[in-house]
Amino acid sequence: MNAPTTLEQLMAAVDGDAPRLREIPYNYTSFSDREIVLRVLGTRAWEVLNRLREERRTGRSARMLYEVLGDIWVVQRNPYLQDDLLDSPKRRRMLVEALHHRLSEIGKRRDPQADPQRDGLVGKLLEAAQAAVHHFDQAFGETAGLRTHAAAAAQVHGQDNIKFDGMSRVSHVTDATDWRVEYPFVVLTPDTEAEMAGLVKGCIEPSLRVHLLFAALAVHRRGGAMSSNRCTAEGLCYRSSCR
């Protein structure tokens, strides 16, 4: 039996100067700060950020940058928030303006005269963050256009079989968070096996990549259920039930 550890022993074992492993807010995923920065800002930005973290002074600019990354990340990882922002251009505009405001405040805190080399690093990091916010904003328009294109190409098989809603997309992603790299762009639910070929053909036109991973479960001696459980952000999920 292990001897109990007292609170004093635990506190004594904590190094007060040790860096926090997670500083980006709203991150409920298994991704680390490094992985998020690499995905949102790129490899070069992570290298620059690490150099600046070593000589952090007040940390206020860093916190504002992490808030920007957190806002972008939580939307990218939550299909429900994506749908909400797609349906509300005003709310989306307010969010993007808030992101730009934080970045502008970081820019106001720059001091080129005091440390030109450090200021140059901050400038590179700001450029990467501004590009990320611009891409984040533009992605909503691209998503709306691609949804319209995909729906028009496949609607011959019924609009009810084409699902972009958050519930459908969340339901067709793996439960293993470490493998949940992306959410599906759209979920197709053909009523019969004969419809699958037409749906696939209709969605190839918008250049959507198709990934099929089926798990079969017999529910009738002359029928069965096929459902996918993983796909990429650019991929499609298919769920078919035939009897």
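The structure displayed is predicted, hence computed values, not measured ones. (Residues numbered from 1 in each chain as written. Predicted model: local features only at pLDDT ≥ 70, side-chain atom pairs only at ≥ 80, totals over all residues. Heavy atoms only, no water.)

Turning our attention to the side chain of Asp33. Mapping Asp33 onto the fold places it in helix α2 (residues 33–40). Notably, Asp33 is buried but unbridged: the nearest opposite-charge side chain belongs to Arg53, and the N-O separation is 4.6 Å. Among the polar contacts made by the side chain of Asp33, one reaches the main-chain amide nitrogen of Ile24 at a distance of 3.4 Å. (Helix = DSSP H or I, 4+ residues; strand = E, 2+ residues; numbered from the N terminus. Buried < 20%, exposed > 50% of the residue type's maximum accessible area, 1.4 Å probe, protein only. Lys, Arg positive; Asp, Glu negative; His and termini not counted. Salt bridge = Lys/Arg side-chain N within 4 Å of Asp/Glu carboxyl O. Polar contact = N/O pair within 3.5 Å; in protein donor to acceptor, adjacent residues only side chain to side chain.)

It is worth spelling out the confidence of the model for the protein at this point. For the protein, the average pLDDT comes to 75, and 67% of its residues sit at 70 or higher. Note that residues 13–18 has pLDDT below 50 and, in this model, zero contacts with residues that lie over four places away or in other chains. For the stretch residues 213–243, pLDDT sits under 50, and the model shows 90 contacts to residues farther than four places along the chain or on other chains. (pLDDT = per-residue confidence, 0-100. Contact = heavy atoms within 4.5 Å.)

Let us now look at the side chain of Asp119. You can see Asp119 is positioned in helix α7 (residues 116–154). According to the relative accessible area criterion, Asp119 is buried, its value standing at 10%.

Glancing now at the packing of aromatic side chains. Taken as a whole and judged by the stated rule, the model has three aromatic pairs. With 5.1 Å between their ring centres and 70 degrees between their planes, Phe31 and Trp73 make a pair best called edge-to-face. Here the residue Phe31 occupies a position in the loop between α1 (7–13) and α2, and Trp73 occupies one in helix α4 (residues 60–76), the gap between them amounting to 42 residues. Ring centres 5.2 Å apart and planes at 85 degrees place the aromatic pair Phe136 and Phe140 in the edge-to-face group. Placement of both Phe136 and Phe140 in helix α7 is noted, with a separation of four residues, approximately one turn of the helix. As far as the burial class goes, Phe136 and Phe140 line up, both buried. (Phe/Tyr/Trp six-rings, centres within 6.5 Å; stacked < 30°, edge-to-face > 60°.)

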